Structures are given as C-alpha cells and as structure tokens.
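# Structural overview for review
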Amino acid sequence: MKTLNLRSLIGTALAAVAVASSGVASAQTSILNVSYDVARELYKDINPAFASSWQAKGNPPVTINQSHGGSSKQVGAVIAGLEADVVTMNQVPDIQQLVKAGLVNSDWQKRLPNDAAPYTTTTVFVVRKGNPKGIKDWPDLIKSGTQVIVPNPKVTGNGRYTYLAAWGFAIKNYKTEEKARDFVKALFANVPVLDGGGRGATTTFTQRNMGDVLVTFENEAILLDKEVGGDQFDIVYPSLSVDAPAPVTVVDKVVDKRGTRNVSTAYLEYLWTPEGQEIIAKHYLRPRNAAVMKKYAKTFPAVNTFSVEKLLGPWDKVMKEQFADGGIYDQIMVKR
Amino acid sequence: MAGGISTAIDAKSIKCNQKLIDATQESSWVRRLLIGVGLCYFFLFLLLPLGAVFVEALRKGWDAYLAALVDPDAWSAIKLTLLIAVVSVPMNLIFGVAAAWAITKFQFPGKRFLITLIDLPFSVSPVIAGLIFVLVFGAQGWFGSWFMDNDIKIIFAVPGILLATIFVTFPFVARELIPLMEAQGKEEEEAAIVLGARGWQVFRYVTLPNILWGLIYGVVLCNARAMGEFGAVSVVSGHIRGETNSMPLHVEILYNEYNFAAAFAVASLLAVLALVTLLIKTFVAWKAARIHAELKED
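Not measured: the values here are computed from a predicted model.

## Focus on the overall build of chain A
A tally of helices and strands in chain A yields 16 helices and 12 strands. For chain A, whose C-alpha radius of gyration is 22 Å, the value lies close to the compact-globule estimate of 20 Å for 336 residues. If you line up chain A on its principal axes, its C-alpha atoms span 75 × 55 × 40 Å. The buried share of chain A, taken over its 336 residues, is 56%. Within chain A, counting contacts between residues at least 6 apart in sequence, those at least 24 apart form 74% of the total. Taken together, the 39 basic and 32 acidic charged side chains of chain A have centroids lying 2 Å from each other.

## A closer look at the packing of helix α8 (residues 158–169) of chain B against helix α11 (residues 199–228) of chain B
Residues and elements named next belong to chain B. Orientation of α8 relative to α11, taken along the N-to-C sense of each, is 140°, at an axis distance of 9 Å. Taken together, the axes of α8 and α11 lie oblique to each other. By crossing handedness, the relation of α8 to α11 is classed as right-handed. Of the residues in α11, those touching α8 at Thr165, Val168 and Thr169 are Cys222, Arg225 and Ala226.

## Brief notes about the domain arrangement of chain A
Residues and elements named next belong to chain A. Taken domain by domain, chain A comprises domain 1 (6–118 + 246–272) and domain 2 (121–244 + 304–335). Taken together, the 13 residues of domain 1 in the interface contact 19 residues of domain 2. For the interface between domain 1 and domain 2, the tally reads 2 salt bridges. In this structure, Asp94 engages Arg160 in a salt bridge whose closest nitrogen and oxygen atoms are separated by 3.4 Å. Along the contact surface separating domain 1 from domain 2 lie 8 residue pairs in polar contact (both at pLDDT 80 or more). Elements with a contribution of two residues or more to the side of domain 1 that touches domain 2: α2 (40–56), α3 (71–79) and α4 (92–100). With 3 residues, the single largest contributor to the side of domain 1 that touches domain 2 is α4. Counted by class, the side of domain 1 that touches domain 2 contains 4 nonpolar, 5 polar and 4 charged residues.

## Focus: unusual backbone geometry
Negative phi is the rule for most residues except glycine; trans is the rule for most peptide bonds. Backbone geometry at Asp115(A) places phi at a positive 55°, although glycine is not the residue there. With respect to the secondary-structure elements, Asp115(A) resides in helix α5 (residues 113–116).

## Description of the nonpolar core
Counting 115 residues, the largest nonpolar core has Trp138(A) and Tyr163(A) as the members making the most contacts within it. Broken down by element, the residue count for this core peaks at 9 residues, all from helix α6 (residues 157–174) of chain A. With residues up to four places along the chain from it excluded, the contact list for Tyr163(A) reads Pro153(A), Val184(A), Phe188(A), Gln322(A), Phe323(A), Ile328(A), Tyr329(A) and Ile332(A). Membership of the second largest hydrophobic core comes to 20 residues, among which are Ala85(B), Ala263(B), Val266(B) and Leu273(B).

## Quick notes on the confidence of the model for chain A
Chain-level pLDDT for chain A is 88 on average; 90% of the residues reach the 70-or-more range. Scored below 50 in pLDDT, residues 13–27 of chain A makes 13 contacts in the model with residues more than four places away or belonging to other chains.

## Some thoughts on the side chain of Asn47(A)
Structurally, the position occupied by Asn47(A) is in helix α2. Each residue touching Asn47(A), except ones within four places of it in the same chain, is listed here: Ile64(A), Gln66(A) and Tyr267(A).

## Some thoughts on the interface of chain A and chain B
Across the boundary between the two partners, chain A contributes 32 residues, which contact 27 residues of chain B. Carbon and sulfur atoms make up 60% of the area that chain A and chain B hide from each other, which totals about 2,600 Å². Among the salt bridges present, the one from Lys153(B) reaches Glu83(A), with a minimum N-O distance of 3.5 Å. Summed over the shared surface of chain A and chain B, the number is 7 residue pairs in polar contact (both at pLDDT 80 or more). Broken down by secondary-structure element, the contributors of at least two residues to the side of chain A that touches chain B are α1 (2–24), α2, β2 (63–69), α3, α8 (198–206) and α9 (218–228) of chain A. No other element matches α1(A), which puts 8 residues into the side of chain A that touches chain B. Within the side of chain A that touches chain B, the residues separate by chemical class into 13 nonpolar, 10 polar and 9 charged.

## Digging into the confidence of the model for chain B
Residues and elements named next belong to chain B. Looking at chain B as a whole, the pLDDT averages 85, with 90% of positions reaching at least 70. Here helix α1 (residues 2–24) stands out as the element of chain B with the lowest mean pLDDT, 55, in contrast to α8, whose mean of 93 is the highest. Interface confidence for the predicted complex, expressed as ipTM, amounts to 0.70; the pTM equals 0.77.

## Some words on α8(A)
Counting buried positions over the 9 residues of α8(A) gives 9, a clear majority of the element. The complete set of buried residues in α8(A) reads Gly198(A), Arg199(A), Gly200(A), Ala201(A), Thr202(A), Thr203(A), Thr204(A), Phe205(A) and Thr206(A).

## Re the side chain of Ser76(B)
Assignment of secondary structure puts Ser76(B) in helix α4 (residues 72–105). Setting aside residues up to four positions removed in sequence, Ser76(B) forms contacts with Gly242(B) and Glu243(B).

Criteria and thresholds
Residues numbered from 1 in each chain as written. Chains lettered and ligands numbered in written order. Predicted model: local features only at pLDDT ≥ 70, side-chain atom pairs only at ≥ 80, totals over all residues. Heavy atoms only, no water. Helix = DSSP H or I, 4+ residues; strand = E, 2+ residues; numbered from the N terminus. Rg over C-alpha atoms; globule rule 2.2 N^0.38 Å. Buried < 20%, exposed > 50% of the residue type's maximum accessible area, 1.4 Å probe, protein only. Contact = heavy atoms within 4.5 Å. Lys, Arg positive; Asp, Glu negative; His and termini not counted. Charge placed at Lys NZ, Arg CZ, Asp CG, Glu CD. Axes fitted to C-alpha atoms, helices over the stretch in contact; angles between N-to-C directions. Parallel < 35°, antiparallel > 145°, perpendicular 65-115°, else oblique. Left-handed = near helix turned anticlockwise from the far one by under 90°. Domains from an automatic or database assignment. Salt bridge = Lys/Arg side-chain N within 4 Å of Asp/Glu carboxyl O. Polar contact = N/O pair within 3.5 Å; in protein donor to acceptor, adjacent residues only side chain to side chain. Nonpolar A, V, L, I, M, F, W, Y, C, P; charged D, E, K, R; others polar. Core = buried A, V, L, I, M, F, W, Y, C linked by side-chain atoms within 4.5 Å. pLDDT = per-residue confidence, 0-100. Buried area = accessible area lost by both parts, 1.4 Å probe.

Quick look at the structure:
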C-alpha cells in the first residue's frame, strides 16, 4: 500500500512536470521587446496590431513577448543576457549602454526616422483635484511642506527626465549652475520616497495616497487622470519642461544570432506607420505623424519644451556630470 | 505522631505546588488580556489581509474573477509556478534528507561548515540570491559566454528561475530535520544495523518513520516558499509575460497595470494553493495518526 502511494505520487509529479513544461516551451516564432516600465499598455496594443499586419503581408505568424521594468534594470538584464530582439526605452543613454556592451551598433539612431524615437512625451505635474496646494510651476515644488513624488532618477528614465526638466528650468531662469544645484536640491528634499519605476511612483501617489504632486510623463499623467482617477486628479503643465523622446532599436547581436532581424526591424518600423502612430496617440504619447497629431490636438496642449542635448550638451556628458557615482545628483542627495 | 509529621510535609508540598501553579497561572485578567492580544494580532495581521485579498478579488464579480484566471498570461504564470514547486520541492526533499542524515548520523571534518552553508540561503537576501546566479550564468558572468555560445539559456529563462528557487528554499527541509534527528540520536539505527539491516533498510524502516512529521512539515514550508518566492525570481526572470512570469510576479504586473481585481484574483489563487498545502498537511497528519492507532490496537 505504502509503495503504491509513493509510486503514484512520483508518477503524478512527473506527469505534472510534463504538462507544465509543454506549456512553457512553445515552438512559434517569437520576438522579445524589452521595454521601460510605463510602456506596457502601449505595446499590449501595438503587438497584436503588428502581428496581424505582418501576417497579412504573407509572413509566418509571430508572437511578440513583452518585458517591462525600470529602465536601468531592463538594460542591465539585456546586458546580462536577456535575449531582447528589440529594446524600446525612454532615454538615449539606456541604449548607449547597450552600444557600449557591444550589443547594438553605434549607428542605431540613423537607422530609423526622428533619431529612432517614434514618439515623444514630456514631464508634467499631477496634483490632487482642485489643486489644493496651488501648484503651477517648478518653483512651487520647492516650497516647504509640499511633498513631491518622483521615480528614482538613478534607475529610471522617467525620474531622470524629471530631474533634468527641473535642472533645465533652473538653468534657464536662474542662469548659474550653482543656483540650479540649489534648486534641484530643494526639490528632492521634498521627495519622501523614490520608487524604482514610473508605475511604482504612480501607485505611491494614487493608491498609497502619498504626496501633493506626482511628477511624471504626460502619458502616465493623462492615463491616470482619464482611466484611473475617477476625477480625483488635475494635470498641470509647467512653464517649461523637457522634451522626452523614446528611442527604439533592434539589438543587433541578438537578432543576428536568432535570425530575427527582418521581423524585428519591421516591428519597429510599424511604430511609424499611421496605424502605429494612431495607437501611440491613443496612449497619450505625442505622435510624430502630423496628421495624427492634428487629430489628437485636444489631448496634447501646446507645451514649451527644451531638448536635453541642445540645452545641456550631449547625453554622455549630461549622464556623467549629473548621474554618475559622485555626480551632482549624488551630491545633492547626500547633502539634503 | 507520624500522621502529624506527614500532614506537615503534605502541607509543605501543597504550598510548594501552589507556588508552582501560581507561577504558571496568571490572574484571569492577564490571561484574558494575553489571549485578546493574541487574537487581535491574529485577526489584524493574518485573517484580515487574507479576507481582503478575496474581497478585492471578487469586487468586480465572478466573471471578472474567472476571466483573470483564464487569461493566457495568468494561466502560463500558474503553470510556471506549479512547475517550480514540482521541481524544487522534490529536489530539496532528497538533498535536505541527505544533508540532515549525513550531519546527524555521521562524524566528519567540516560538519559545522556544512551546517553553516545550509543556513546560507536564510541569511542571504533573496535579491542577492538572484544576483548570484546572474553573476555566474549571466552574459558577463563566469560561464555566461559558454552557455551563450552553446545556446543554452539559464538566466532569464525557466532553468534560472528553478535554480534561484531551489537555492532560496534549500534550508527548509534540512533545517527542519537536523534538530529532530539530533534529538533522536542514532541508537535505533545502530540497533537495526546490529540486527542485520542494510543502509536503505535502516533508512526506510527506522529513520524515515521517525522523521516523517518533521519531513512533511519541512516540505509544506518549502512548497509554500517555492510558490511564493518573489525577490530571487524577480531578479533572474526577465519578466517576460507568458514565459518567465511566475504567479507572484504576475500579481505585481497586474497591480502595476491598475488591474487590481485581476491582481487580487491571481493573489487569491496563490492563497488558495497555500491553504490547500496546509489542508494536505493536516490530512496526512490525521491519516498517519489513524494508521498509528490501528497498529497499536493490533
């Protein structure tokens, strides 16, 4: 009796392994899109749309897998061996890391239109309904008693853009680097918690009810306002913000190894098609296509933005000065 | 006279007993307070959150609940989690028993060191545990390029998740058995050997029945942790939905997508799996107790 039990137990276990593993490994062509945290809803819509248009052109069916997380973590994973056919990030330096690691060719920005960024967004403020603290512009964020929620600039593109937007505002308005430094220091002194991803910061603000203002990407802000908030939040556009284009590229080393260059390139090019741009606009990201932009003009009020590279210099320099270990960001965080 | 003395002694011992009783029996308000605090704690920190999971899961009704569970990504997360348990629990069962057996029944140099090693996964943060595997098997790791060249995926694939889970859950069985087997000593095994039993027989008929309860308990704990592990798996998973997302990771994804009802639906299923594990444990205990009782009657 006892041996029988043991045997049937082992049998069941083996059967379970077989069933489970058959489900885990599937044979279909698939490509993996490794992306940043808050792009998940966008690619959830892009993927099936691309898959059907790809198949309609007489190609074999393709599955697009998604992986999302804080930008640095995702890039780190790709460098450590996560086999991404394409990466869709929200900042140039993330992809430069992959260039340095020898995974992406250095000419990646020239292979696609708009410096390989199919859409752009900007950094805005989300405040609680009625704007009880009267937050209008960047200087309101450094007032004492105002709690600001920002994702961690060390590890997220979203947070980095927020930091650079504040820095750019200060440079433009107060002229000297010294004053810009004091300004961002005062701002980050008002940040009670730094989340590891853009979405984490949003849930901190909405679900945990922390903070008076959430500084995040426009698309995240509108999504929050329209689909989650239930009219609990207002969006505030500051007088000057940062232009945040989201670059994409195929990962050369991976697509060459897996033989997926064609489908991966087509996947990225699909982002620039009118259908792709329409999906992008529906997710509150500013499309490149003028006709689509016009159609969604109501969603995207005119904003005054600056380009990081034009105002502050090349990305490599900005990253080194601001975010390298011991850089300005570390200095203001230590001394706050 | 003798009676008088004995009465005095009795009185003394009664007094003594009374003191002992006093020491273990607090006044009723202390007892009530302690029980009350215990119950409140149990209610607030165990029952209430567990209930909240189910309430939140069913907030949008049964249809939404079922839809969240039959979603292909959720389904693949469920299958992956079961696979993790089915692989890592037997592995830890075998190696945990072997390690406990070696440590408690034999003397050999480096024994203390081995015990320390077994404890290592408990003292190391799960995130570090995951990073260890990235450092060893990642593309920049020690063996990474070799695996890459041979097209073997360890990290960011199912094998890496299994390795990380086995690492994190390793101590559960061994740690449960070592004190138990140490307390039991090795006299019974020695007697069995003197009577002519061979290695396997000694284990099967002497050791195993003695450690069965500890073993089952260890397996239950190991299983619960294997299914629920988040940190280590999160580091090595790569978060590919439909492929390398286990249930805890899927819950996080859904939650981050504002899909709260679905997140709690999957979480509730995870909770149900844990409850089922507990039920199995209780059932096995009850069954074994009955078999034991029957044997005694015979």
